[in-house]
Amino acid sequence: MTPFVLLVAATFGGAALAKLPPPTPEAKAKTDETAARTAWSDKVAAYQLCQSMDRTAEAYRARVRSIGKEAPPAEATPPCTDPGPFSYTPPSAKPLEASEAHSPAGNATSPPSTPAHAVDVTGPKRSP
């Protein structure tokens with residue numbers, strides 16, 4: 001059984017180490033928006049959990065008071081904060097200079113120092 005497992009691991013292990021191409025800008029933007037939506041969704045879930053815990057604690061205190069006992073005092077907890085509706089603002093693109101790219105070359109003010117003609121560069125045309 002062990003040689004079989006090693007053979008399978010060796011066969012499919014190389015595929016796991018393959019390098020994927022870099023994502024396109026559109027794919028990266030979609031990934032960033034998905035991450036922001038997931039973070040917002042987590043905040044909404046925490047808000048809803050906070051509200052349900054407050055309702056449960058209040059229902060417990062009301063039940064204890066209804067049977068004639070003294071309810072324990074509520075613990076001081078931070079208030080539930082509503083995250084609001086989802087809104088995503090994509091980050092603005094960096095200007096060319098801020099992205100550490102080189103500035104474009106200026107216009108030529110004089111001809112090149114060595115004249116190079118097409119015949120000099122490619123050689124004479126040969127006949128078949």
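Read on for a plain summary of the structure. As the structure is a computational prediction, the values presented were derived from the model and not from experiment. (Residues numbered from 1 in each chain as written. Predicted model: local features only at pLDDT ≥ 70, side-chain atom pairs only at ≥ 80, totals over all residues. Heavy atoms only, no water.)

### Details of the overall build of the chain
Thinking step 1. Along its length, the chain carries 3 helices and 0 strands.
Thinking step 2. Ordered by position from N to C terminus, the α and β elements of the chain give α-α-α.
Thinking step 3. Looking at the chain as a whole, 5% of its 128 residues are labelled buried.
Thinking step 4. By sequence separation, contacts in the chain at least 24 residues apart represent 61% of the contacts at least 6 residues apart.
Thinking step 5. Carbon and sulfur atoms make up 62% of the accessible area of the chain, which amounts to about 11900 Å² in all. (Helix = DSSP H or I, 4+ residues; strand = E, 2+ residues; numbered from the N terminus. Buried < 20%, exposed > 50% of the residue type's maximum accessible area, 1.4 Å probe, protein only. Contact = heavy atoms within 4.5 Å. Areas by Shrake-Rupley, 256 points an atom, 1.4 Å probe, with all protein chains shown as cover.)

### Let's talk about the state of the cysteines
Thinking step 1. A complete count under the given rule lists 1 disulfide for this structure.
Thinking step 2. Here C50 is linked by a disulfide to C80, with a sulfur-sulfur distance of 1.9 Å. Where C50 bonds to C80 through sulfur, the torsion about that S-S bond is close to -80 degrees, and the disulfide is left-handed. Remark: C80 occurs in the loop between α2 (25–66) and α3 (118–122) and C50 occurs in helix α2; sequence separation between them is 30 residues.
Thinking step 3. A relative accessible area of 23% means that C80 is categorised as partly exposed. (Disulfide = S-S within 2.5 Å.)

### Observations concerning α2
Thinking step 1. Between its terminal C-alpha atoms α2 stretches 61 Å, which fits the 62 Å expected from 42 residues at 1.5 Å a residue.
Thinking step 2. Those residues of α2 that sit buried are V44, Y47, C50, R61 and V64.
Thinking step 3. The first or second residue beyond α2 is G68, which carries a positive phi of 95 degrees. (Expected span 1.5 Å × (residues − 1).)

### A closer look at a nonpolar patch on the surface
Thinking step 1. Judged by side-chain polarity, F4, V5, V8 and F12 come together as a nonpolar surface patch covering roughly 410 Å² of accessible area.
Thinking step 2. Of note, V5 is situated in helix α1 (residues 2–16). (Patch = residues over 30% accessible without salt bridge, like charges linked within 9 Å, V, L, I, M, F, W, Y side chains within 5 Å. Salt bridge = Lys/Arg side-chain N within 4 Å of Asp/Glu carboxyl O.)

### Some remarks on the packing of aromatic side chains
Thinking step 1. Tallying each qualifying case throughout the model produces 1 aromatic pair.
Thinking step 2. A cation over a ring is seen here: R37 above F86, with NZ or CZ 4.1 Å from the ring centre. (Phe/Tyr/Trp six-rings, centres within 6.5 Å; stacked < 30°, edge-to-face > 60°. Lys NZ or Arg CZ within 6 Å of the ring centre and 35° of its normal.)

### Some words on the pattern of salt bridges
Thinking step 1. If you walk through the whole model with that rule in mind, you get 3 salt bridges.
Thinking step 2. Between E58 and R61 there is a salt bridge; the shortest N-O distance is 3.7 Å. Taken together, the residues E58 and R61, both in helix α2 and 3 residues apart, mark about one turn of the helix.
Thinking step 3. Among the residues examined, E58 registers a relative accessible area of 41% and is labelled partly exposed.
Thinking step 4. Measuring nitrogen to oxygen at the nearest pair gives 3.5 Å for the salt bridge that ties E58 to R65.
Thinking step 5. Overlapping salt bridges, with partners in common, bring together E58, R61 and R65 in one network.

### Quick notes on the environment of F86
Thinking step 1. Inspection of the secondary structure assignment puts F86 in the loop between α2 and α3.
Thinking step 2. C-alpha separation for the pair F86 and W40, spaced 46 residues apart in sequence, amounts to 6.6 Å.

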